[in-house]
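Observations on chain architecture
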Amino acid sequence: DFTKLQVQLSNGALEDIATAQTGPGAVLGAALWTFQQGAYGVVYTLDPYRGYWLEAFQPCSLVVLPSAEISRSAKLSPAGRALEFTSGTDGNWKLDLQATVGSTSLSRATLGQFYGATNGYDQFKMMSPPTPTKQGVVIAFNHSDWGTRSGAYSVDVRSQQSSTWNFTVQSNIPNQPVTITWPDLATVGHRTLILTDTDTNVSMDMGSRAGFVIPASSSPITAHFQLSVQTQSINSVDLLNVSTTLGSTRADGAATLATIRCTLTSAATLNVLISHNGQIVRNLAVGQTRAAGGTSFTWDLKNNQGVQVPAGVYQVEVTATNGNGHQVPRYVPLVLTR
């Protein structure tokens, strides 16, 4: 039983594993990793003929005590099992993310909230193990502000006051897309999780899709993401990333259309109005039902009478209304030149 072993420090002092893995002066990282079924996983026993990886923040020795030996049928002590809590109890939850390339390269990461965790380094943070092969994929939470504990982490469980995680996905497997999935999203309950690709500023409701694909590249891939959690009622709605772009179908490049884009956190009906100097010039969409996720509308730059509008600054108003009658309006400008 790994949790019943000891660590001997360079000065000869002995600490039990639980002490060595906790507190501001932690000697060991919180995870004992082993490679199995194509990926690293956290374990709590040392078995014969297996290899393990354990982060040490200072020189030390692992002391294996005969009294820690267990039979195959014995139940392990819960000491040190920082991640063995049940989602949904007392507001605690956790979610596994997976990054895969093809069927051979897999990396996992875990995030969540727990009443006993902090937002800094503690036993609920587990530094990522080294990549097992020269070519592979890694998904990790990066913390450069933790001093001697700075690095890439595979497990980042925070306090219940935290709501945002930043992570990266890296792959050096050429010409292969990377797929990010979240197979157990039901464990987060009625929370809304929004995933944002911060390189492209594209956001999505994770509940509306099964995964996200990073396109293949001949060069190594490094993609940056932000995951935010919103504790809402199941009928709530929000509008994200409302933007406008001008386009053209003419040879001289003059604008002939505008595209209005937005992201819905849940299904809703949308109204899109175009105004100029406080007057509505076009009812672009009225009561159109759209599913959660990204959506768009195209404006032909004509008013409600079918006449081309002049140059000027226009206001685009997008309003989402859910089934409960809750409305969320968003406003963005659109500058039209002729």
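Residues numbered from 1 in each chain as written. Predicted model: local features only at pLDDT ≥ 70, side-chain atom pairs only at ≥ 80, totals over all residues. Heavy atoms only, no water.

**Focus: a nonpolar patch on the surface**
Taken together, the side chains of L46, L62 and V64 define a hydrophobic patch exposed on the protein surface, amounting to about 240 Å² of accessible area. The residue L46 is located in the loop between β4 (39–42) and β5 (53–56) in this model. (Patch = residues over 30% accessible without salt bridge, like charges linked within 9 Å, V, L, I, M, F, W, Y side chains within 5 Å. Areas by Shrake-Rupley, 256 points an atom, 1.4 Å probe, with all protein chains shown as cover. Salt bridge = Lys/Arg side-chain N within 4 Å of Asp/Glu carboxyl O. Helix = DSSP H or I, 4+ residues; strand = E, 2+ residues; numbered from the N terminus.)

**Some points on the pattern of salt bridges**
Scanning the model with the defined rule gives 4 salt bridges in all. A salt bridge links K125 to D122; the shortest N-O distance between them is 3.0 Å. We classify D122 as buried; its relative accessible area is 8%. A salt bridge links R282 to D300, with the nearest nitrogen and oxygen atoms 2.8 Å apart. Here the residue R282 occupies a position in strand β21 (residues 279–290), and D300 occupies one in the loop between β22 (293–299) and β23 (312–321), the gap between them amounting to 18 residues. (Buried < 20%, exposed > 50% of the residue type's maximum accessible area, 1.4 Å probe, protein only.)

**Concerning the sheet that holds strand β2 (residues 14–16)**
If you walk across this open sheet you meet the 3 strands as β2-β1-β6, and the pairing is antiparallel. Edge positions in the sheet fall to β2 and β6 (60–63), since each of these pairs with one other strand and no more. Neighbour to neighbour, the strand axes of the sheet diverge by 30° on average, direction disregarded. Where strand β1 (residues 6–9) and β6 come together, 4 bridges link them in antiparallel fashion. Directly across from L9, in β6, lies its bridge partner C60. (Pairing = 2+ DSSP bridges. Axes fitted to C-alpha atoms, helices over the stretch in contact; angles between N-to-C directions.)

**Description of the layout of surface pockets**
One number sums up the size of the largest pocket: a volume of about 580 Å³. The set of elements that each furnish at least two residues to the lining of the largest pocket consists of β3 (28–36), β4, β7 (93–101), β8 (105–113), β10 (137–143) and β11 (151–158). (1 Å grid on protein atoms, 1.4 Å probe; cavity = no way out; pocket = protein on both sides within 12 Å on 5 of 7 lines; lining within 4 Å. Points joined across faces, edges and corners; volume = space filled by probe spheres on them.)

**Here's the deal with the nonpolar core**
If you look at the biggest cluster of nonpolar residues, it comprises 29 residues, and the most contacted ones within it are L95, F167, V169, I214 and F225. Elements that contribute at least two residues to this core include exactly β7, β8, β10, β12 (164–171), β13 (178–181), β14 (191–197), β16 (211–214) and β17 (221–231). Not counting residues within four places of it along the chain, the set of residues in contact with L95 comprises A109, T110, L111, W182, D184, L185, T187, V188, L193 and M206. Grouped together as the second largest cluster of nonpolar side chains are 27 residues, V237, V272, V309 and Y314 included. (Core = buried A, V, L, I, M, F, W, Y, C linked by side-chain atoms within 4.5 Å. Contact = heavy atoms within 4.5 Å.)

**Here's the deal with the pairing of β14**
Along β14, 7 of the 7 residues are buried, which leaves the element largely enclosed by surrounding structure. As judged from the 4 bridges shared by β14 and strand β15 (residues 202–205), these two strands associate in the antiparallel manner. Of the residues in β15, the one forming a bridge with I194 is D205. With antiparallel pairing between neighbouring strands as the criterion, β14 and β15 make up a hairpin whose turn holds 4 residues, including N201 at a positive phi of roughly 60°.

**Some thoughts on the sheet that holds β3**
Strands belonging to one sheet form pairs held by backbone hydrogen bonds; the direction of such a pair is parallel or antiparallel. An order of β4-β3-β5 is seen for the 3 strands of this open sheet, with the pairing classed as antiparallel. Looking at the sheet topology across the chains shown, the edges are occupied by β4 and β5. The mean angle between the axes of side-by-side strands here comes to 35°, regardless of whether they run parallel or antiparallel.

**Overview of the packing of aromatic side chains**
Per the counting criterion, the structure on display carries 12 aromatic pairs. Summarising the aromatic geometry, the rings of F114 and F124 are spaced 5.0 Å apart at their centres and angled 35° between planes, so their arrangement reads as tilted. With F114 in the loop between β8 and β9 (125–127) and F124 in the loop between β8 and β9, the pair connects residues that are 10 residues apart, well separated along the chain. On the basis of an interplanar angle of 75° and a centroid distance of 6.2 Å, the ring pair of Y121 and W146 is categorised as edge-to-face. Here Y121 is found in the loop between β8 and β9, whereas its partner W146 is found in the loop between β10 and β11, with 25 residues between them in sequence. (Phe/Tyr/Trp six-rings, centres within 6.5 Å; stacked < 30°, edge-to-face > 60°.)

**Observations concerning the environment of I17**
Of note, I17 is situated in helix α1 (residues 17–20). Residue classification places I17 among the buried residues on the basis of a relative accessible area of 1%. C-alpha of I17 to C-alpha of V63: the two residues are 46 residues apart in sequence and 9.8 Å apart in space. Not counting residues up to four positions away in its chain, the partners in contact with I17 are F2, T3, L5, Q6, V7, L28 and L62.

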